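Topology and contacts: notes
What follows is each chain in one-letter form.
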Amino acid sequence: MSDAFVELKNLTLSYDNSVAVPALDLAINEGELITLLGPSGCGKTTTMRAIAGLLSPTSGIIHIDGRDVTRVPANKRGIGLVFQSYALFPHLNAFENVAFGLRLQKLPDADIRSRTAEGLETVGLAGFDKRRPSEMSGGQQQRLALARSLVMRPKVLLLDEPLSNLDARLRLEMRTELQRVQKETGVTMVFVTHDQAEALALADRIVLMKAGRIEQLGTPAELYSRPRTAFAADFMGFENIFHTSGDTLVSSFGRLPVGYTAPSALLAWRPDAVTVGTGPHTGTITASSFAGGHREYVLQTPLGPLRADAPIAVAQVPIGQQISFDLPHQNARALAE
Amino acid sequence: MRHLANWSILGLTLLFLIGPFVIIILAGTSAGNNLAFPPEGMSMKWYLKVFTIESFRTSFALSMALAVFGTLAALVMGIPAAYALNRYDLPGAETVRTIVAAPIIVPGIIIGLALLRYMVVPLDVTVTMALFMAHTALVLPYAVRVVSSSMQNLRVDMEEAAVLLGCSRMQAFTKVVLPNIRSGVLAAFILGFVTSFNQVPVSLFLSGPGVRTLPIDMLAYMEITFDPSIAALSALLAFMSLAIVFIAERLLGFSKYV
Amino acid sequence: MFRNTREGLALALPAAIFSTLLFILPVGILLSEAFRQGGSWSVQGYIDFFASPLNRTVFLRTLKLGVLVAGSAAIIGYAAAFCIVNLSPKARGRVFGMVVLPLMISPVARTYAWIVILGRTGIVNEAITGLGLSDTPIRLLFTETAVYLGLLQLFLPLMIISLVSAMENIPRDVIPAARVLGASWFAVFFKVILPLTKEGLVIGGTLVFTGALTAYITPAILGGSKVLMLETLLYQRVNVSNDFVSAGVIAMILIVMSFTANLLLKRIATTRS
Ligand SMILES: Nc1ncnc2c1ncn2[C@@H]1O[C@H](COP(=O)(O)OP(=O)(O)OP(=O)(O)O)[C@@H](O)[C@H]1O
Ligand SMILES: [Mg+2]
């Protein structure tokens, strides 16, 4: 037995007869904030619902806090889940939404009142007791849903894309808010998102998923700088990925000899790792946009479109003009096939 | 100009639909002994007489009881059925829907006759019991339909949230689903009540000594007596429906469920 | 959570079983009995039924009144529904409520009003004799006209409701757009309104036609034994002559007529588009 707080062993999850998640293994430590990251349909929600007990696994085991909970019903697992839609109870006001679970535990009234008030306070909704969910903004609803789960003092708190319905500003705000609440309460959190930046900003560790399998697992820094596969690299912003053949880069558009021997089957560059303005190769600028600190170019090259960021210091070149560029091997990330 | 045309078409239509009720209300106020319009003088005697006719009182009580308990029974079966049809991916869902909806499609008189022949007579079921079951079967389709439509907009994840907060499945239903479909259930009750109370063809064959629903009793009374008491009773029933619909509309915006 | 089929069936089955035992089974037996004669299957019941001139008259009359009532309801219904959807939202709710209201009132009461209107001492006859158009009251009750009027008043709301909800779904500017393009009102109706509301027409038409076929009270009160329709005939056959075979035959005919009407209307609705 490992000392992981949540452990999924060989977990297979399916709908009717189609397998959504085959044989997943994952260990989550106590107090950790894990994000499940991956494209739409890769099985994030499915995994989460299995942990919560809303979906029984086809096979495999789920351990939480040293206990096998695979067959424990959802209402006995002590797990909180914040839904993407929030799933607030429209017929109850904010206070009663938060008090809902506490009332079911038949706690003394005074306890219910103080814990509910405390919960609303934690998420910054003190004084909103009497509001119905329909009378609250998206961000307030999201925080209410969070409070409703938090007051139950769950062993694990699962959040399924809780920020996706919010506008960009509110997202940033709620992100820091979530981190603060997590540090304050020390709750083990699993956070689902398909937004790379969100995952990087929040997570202690990121689980990158692809078609029901874990593609790579690591700290944000590891995933950001050392993706192992083309899929992971693409997700982490390596927008230029090419096959190699000896000293030549190969794409479906064509080939480009680079003059050094590639160390792996695939090489990848972030846009800012591509040199523009100088270099042995030339391409035609097909798109150009100003992005504050730098300028984003798309070049038409023998390898097809190439994305490159030029420091603002480099003189602007108009669309249609030729520009020289380089794909330096010291800036490249070597990837497995 | 367009306005005038619009309102005259509507006025004529409404006159045709509602006018007869006005006439019947007035006809009931006659002071004479024969049904006539305009009424021969004014009095409330027929309105008062209705309450003294013993058979009307018993048949009214029976119709009330059938409407209330038949509708309640239909809801007891209909709410779970509507819930299951909405929430589960049942293999026989279409069949269940068709079976439950069938009593709407088939003429009521046939249902009554069939029950009389194959239940009341051979199985020795009392007429009252047969009436109760027939009215329940008749209201069931409305109960399922109206409750279903009010459940459609209710997201499943609300129930899941309730379960994760510690509810049993049953608690999730009573604490989360039921409060949110309350107006649908109430609308189903009212629609069921009215349907059952006004029902004639099903009850036509299901009557026995001292056991008659109010509409059937009225038909029987009309065959022997031609005084304004039926007009008065009809007017009273119209007022009752008016009150029910008015309250329901105020409470729930009832017409969207019809 | 809702993957347990057995649980779902357990919830749905009481209603289904109840309807099957109380409805499908008895009605099924009744209908099948109309195909039995002396212990074997036969259609003799139907042949005998249609051999009788009275039965044929009643059948044709029922069909005729059903079509007339449904047709009139459609015409009045379109006019009324068009006016209703052009009202302000507030007035629309009020008028719609007044259209729905009669449906909630006992059909006995609704039909009885026509006795007051059409009876020997009713409004119409009082007016006729009062104006000296005739010395003696005219017989208006127990005529097809009386039954027609009663049925139309009874079922018109169903048509209006169906057409109003269909018209509410017509995009707002379609009709003005057609007018601007030079379409006459006649063309607007047949080329725009009708195709866009035919679903409502099918629903309303089926409801009214079926309702008229299977109404009992109206033909019983306003038609009596002079103007029999299939439902009143069925009642007579059972109550007066204990003839259950005819009852089953009539029941079958009624059901077949309703279904055929529904299919036909659906057919018309789909081929027109
Ligand atoms: N109720 C369902 N019935 C059948 N298949 C389903 C169901 N829900 C999800 N799936 C399938 O399971 C797979 C995983 O779905 P899941 O919802 O877990 O994806 P996700 O990673 O949460 O995606 P998203 O980012 O879009 O929310 C998908 O292929 C999906 O089509
Ligand atoms: Mg998802």
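Per-chain numbering applies: the sequence of each chain, read as written, is numbered from 1 onward. Chains carry letters and ligands carry numbers; both start at the beginning, A for chains and 1 for ligands, and go up in the order they are written. Residues qualify for local features only when their pLDDT is at least 70, as the model is predicted, and side-chain atom pairs are given and counted only at 80 or more; totals for whole chains, interfaces and linings, by contrast, use all residues. Only heavy atoms go into the side-chain values, all of them from the structure, while hydrogens and water stay out.

All names here are of chain A. Each residue gets one of three labels from its accessible area relative to the maximum for its type: buried under 20%, exposed over 50%, partly exposed in between, using a 1.4 Å probe on protein chains only. Under the scheme used here, helices are H or I runs from DSSP no shorter than 4 residues and strands are E runs no shorter than 2 residues, and both carry numbers assigned from the N terminus. Burial along strand β14 (residues 266-269) is two-sided: the face carrying L266 and A268 and the face carrying L267 and W269 are both buried. The sheet contact formed by strand β11 (residues 240-245) and β14 spans four bridges and is antiparallel. Bridge pairing in β14 links I241 to A268. One requirement defines pairing of two strands: DSSP has to find at least two bridges between them. Relative to strand β19 (residues 333-335), β14 runs antiparallel, the two being bridged by three bridges. Among the inter-strand pairings, L266 is bridged to a residue of β19, identified as L335.

Residue and element names in this part refer to chain A. Taken together, five strands build an open sheet; the order of strands is β13-β12-β11-β14-β19 and the sheet is antiparallel. Each edge of the open sheet carries a strand with a single partner, namely β13 (255-257) and β19. When the angles between neighbouring strand axes are averaged without regard to direction, this sheet yields 35°. For every element, the axis is a line fit to its C-alpha atoms; helices are fit only across the contacting stretch, and the angle between N-to-C directions ranges from 0 to 180 degrees.

Within the structure, ligand 1 sits among Y15, A20, S40, G41, C42, G43, K44, T45, T46, E161 and H194 of chain A together with R3 of chain C. In the analysis that follows, any N or O atom pair within 3.5 Å is treated as a polar contact, provided that within protein one partner can donate a hydrogen and the other can accept it, and provided that, for residues neighboring in sequence, both atoms belong to side chains. C42 of chain A is positioned such that a nitrogen or oxygen atom in its backbone is 3.2 Å from an oxygen atom of ligand 1. K44 of chain A is positioned such that a nitrogen or oxygen atom in its side chain is 2.8 Å from an oxygen atom of ligand 1. Under the convention used here, a 1.4 Å probe and the Shrake-Rupley method define accessible areas, while residue burial counts only the protein chains that appear. Expressed as a share of its isolated accessible area of 630 Å², the protein-covered part of ligand 1 is 60%. By residue number, the principal contributor to the shell around ligand 1 is helix α1 (residues 44-52) of chain A, which donates three residues. Here the shell around ligand 1 is composed, by residue class, of three nonpolar, six polar and three charged. Nearness here has a simple test: a residue counts as near a molecule or strand if at least one of its heavy atoms is within 4 Å of that partner. Residues are grouped as follows: Ala, Val, Leu, Ile, Met, Phe, Trp, Tyr, Cys and Pro are nonpolar; Asp, Glu, Lys and Arg are charged; every other residue, Gly included, is polar.

Another point: the domain arrangement of chain A. Residues and elements named next belong to chain A. According to the domain assignment, chain A consists of domain 1 (6-228) and domain 2 (238-335). Taken over C-alpha atoms, the centre of domain 1 sits 40 Å from the centre of domain 2. Each partner contributes residues to the interface: domain 1 has five residues there, and domain 2 has four residues. Accessible area that two parts lose when put together, with a 1.4 Å probe and added across both, is what the buried area reports. Summed over both sides, the interface of domain 1 with domain 2 buries roughly 420 Å², with 48% coming from carbon and sulfur. Contact with domain 2 buries area across many residues of domain 1, yet Y224, P227 and R228 alone supply 80% of it, more than any other trio. Basic side-chain nitrogens of Lys or Arg form a salt bridge, by our definition, when they fall within 4 Å of a carboxyl oxygen of Asp or Glu. Summed over the shared surface of domain 1 and domain 2, the result is zero salt bridges. In the side of domain 1 that touches domain 2, the residues fall into two nonpolar, one polar and two charged. In this document the domain limits rely on a domain assignment from an automatic tool or a database. Throughout, a contact is declared for two residues whenever any of their heavy atoms are within 4.5 Å.

Looking now at the side chain of T46 of chain A. Residues and elements named next belong to chain A. Within the secondary structure layout, T46 lies in helix α1. Residue T46 is classed as buried on the basis of its relative accessible area, which comes to 8%. At 3.0 Å, the side chain of T46 forms a polar contact with the side chain of Y15. Every residue in contact with T46, bar those within four places of it in the chain, is listed here: L13, Y15, A20, V21 and L55.

Unusually for a residue other than glycine, D16 of chain A sits at a positive phi of about 45°. Considering the arrangement of structural elements, one finds D16 of chain A in the loop between β1 (6-15) and β2 (18-28). Backbone geometry places F142 of chain C, a non-glycine residue, at a positive phi of 55°. Counting through the fold element by element, F142 of chain C comes out in the loop between α6 (123-130) and α7 (144-168). A relative accessible area of 32% means that F142 of chain C is categorised as partly exposed.

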